[in-house]
Amino acid sequence: MHGYANPARFLKIARPATGWLLGIGLVLLLAGVIGGLVFTPPDYLQGETVRILYIHVPSAWLGMAGWASIAAASISQIVWRHPLAAVAGRALAPAGATFAALCLATGSIWGRPTWGTWWEWDGRLTSMLILFFLYLGYIALASAERERGGEGRMAAIFGLVGAINLPIIHYSVLWWRTLHQGQSISVAGGSTIAPEILWPLPLTMLGFTAVFAAVSLMLMRADLARTKLEARLRRSAAE
Amino acid sequence: MMVRPKHQRLVLVTLAVAAVLGAVLLAMWGLQDRAAYFVTPSDIAAGKAEPDTAMRLGGMVVEGSLVRERDGVSIRFDVSDGKAVTPVAYRGITPDLFREGSGVVAEGRLQPSGLFVADHILAKHDERYMPPQMANEVAAR
């Protein structure tokens, strides 16, 4: 792990990985979206509306996985003082926030024709909205800390404590009565989505995940480049 | 024995996470009744729901209970959670997914007579998704 503490070593791998992940992600997304829009049958109850599933579910997954990654980076920042951890946290947050917002937007659009409402304050919807606000708070805090030349410890504590929201989002539909239905896919129980409708979902899930990873790597590289530039400017100003 | 700062921090972080997690579990357990999005017919039968206060009622629309009144926009139906049944009256347009045998959340007030008068109806669907012909096969079985 600490072999990659050296930014030069990290960049050597991150540079080619960005392109590969982006390419693979876009190909998978194209296949998944075409499959989901053209080849899958409509749902027996919802009709064609069900197709928003192929965007909504990956968005929810990445909104939550994004914060889980921030929490992991936060731990390695607090405990091991890993030099790239703060960079990773700052890079993950905008991507995660985007997917959390996409999840809320697609959910709202989906809710209108199925439930008959754009928004309801039930457990699942509210906890997901809080996750989005946590992202905004994290972005503001982390960038403020960076400008003051901090090492990212405050943002890391916020990232770790904010992870408490993740189990709440996940279990909200089990613990509380909610308007949002229970989970369709679980490790133990398999899937309650018929295979004919399900198959494009892993494609868009993997596709969005690869794009998410590529964007995060891009932002990390941009952050490192900015640090380098700032150091160089300081040096030339001192001369 | 010398404790390395790295390990000390690891122990501290683990303890902090465990403490916060415990606090959240307690809070959620305590919130269970209040965070519930709707009450069920069983709650009403047990006298847990106060009449004439705004609330949401959730359950399944009982098959064969849906009656449309003569004016065309008023409906009556029964909501069940498998243990108790509450009659509901509603006037207005229902969502597309509102149908007998499917989930529903009704916003409104419980009358002292036991009738739930709804002023807003939401459809609640379950976690199953399938093509129409498969649903017919399931229904035929």
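Residues numbered from 1 in each chain as written. Chains lettered and ligands numbered in written order. Predicted model: local features only at pLDDT ≥ 70, side-chain atom pairs only at ≥ 80, totals over all residues. Heavy atoms only, no water.

Caption draft 1: A look at the interface of chain A and chain B. Between chain A and chain B, the contact holds 41 residues from the first and 42 residues from the second. Summed over the shared surface of chain A and chain B, the number is two salt bridges. Taking the shortest distance from any N to any O, the salt bridge between glutamate 120 of chain A and arginine 56 of chain B comes out at 3.8 Å. Taken together, the connections running from chain A to chain B amount to 17 residue pairs in polar contact (both at pLDDT 80 or more). Its residues assigned to classes, the side of chain A that touches chain B shows 24 nonpolar, 11 polar and six charged. (Contact = heavy atoms within 4.5 Å. Salt bridge = Lys/Arg side-chain N within 4 Å of Asp/Glu carboxyl O. Polar contact = N/O pair within 3.5 Å; in protein donor to acceptor, adjacent residues only side chain to side chain. Nonpolar A, V, L, I, M, F, W, Y, C, P; charged D, E, K, R; others polar.)

Caption draft 2: Broad picture of helix α4 (residues 123–147) of chain A. Helix length check: α4 of chain A (25 residues) gives 36 Å between terminal C-alpha atoms against 36 Å at 1.5 Å per residue, within 8%. Within two residues after α4 of chain A, glycine 149 of chain A carries a phi angle of roughly 80°, on the positive side. (Helix = DSSP H or I, 4+ residues; strand = E, 2+ residues; numbered from the N terminus. Expected span 1.5 Å × (residues − 1).)

Caption draft 3: Structural view of the side chain of threonine 117 of chain A. Position of threonine 117 of chain A among the secondary structure elements: in the loop between α3 (85–114) and α4. Judged by relative accessible area, which is 9%, threonine 117 of chain A ranks as buried. Of the polar contacts made by the side chain of threonine 117 of chain A, one reaches the side chain of glutamate 120 of chain A; its length is 3.2 Å. Not counting residues up to four positions away in its chain, the partners in contact with threonine 117 of chain A are Ser108, Gly111, Arg112 and Leu179 of chain A together with Leu122 of chain B. (Buried < 20%, exposed > 50% of the residue type's maximum accessible area, 1.4 Å probe, protein only.)

Caption draft 4: Representation of the UniProt feature "binding site: heme" (unreviewed entry) in chain B within the structure. UniProt records the feature "binding site: heme" (unreviewed entry) for His125 and Tyr129 of chain B in the present numbering. For the largest pocket, the lining residues among the annotations just cited are His125 and Tyr129 of chain B. For histidine 125 of chain B, a relative accessible area of 6% gives the class buried. Once you skip the residues sitting within four places of it in the chain, histidine 125 of chain B turns out to touch Leu45, Gln46, Thr114, Trp115 and Gln181 of chain A together with Leu97 of chain B. Separated by 3.3 Å, the side chains of histidine 125 of chain B and glutamine 46 of chain A make a polar contact. Along the polypeptide, tyrosine 129 of chain B turns up in the loop between β6 (116–124) and α3 (132–140). Those residues in contact with tyrosine 129 of chain B, other than ones at most four positions away along the chain, are Asp43, Gln46, Val50, Leu53, Trp110, Gln181, Ser184, Thr192, Ile193, Ala194 and Ile197 of chain A. A polar side-chain atom of tyrosine 129 of chain B sits 3.0 Å from a polar atom in the side chain of glutamine 181 of chain A. (UniProt positions renumbered as here; feature names shortened; annotations may be inferred. 1 Å grid on protein atoms, 1.4 Å probe; cavity = no way out; pocket = protein on both sides within 12 Å on 5 of 7 lines; lining within 4 Å.)

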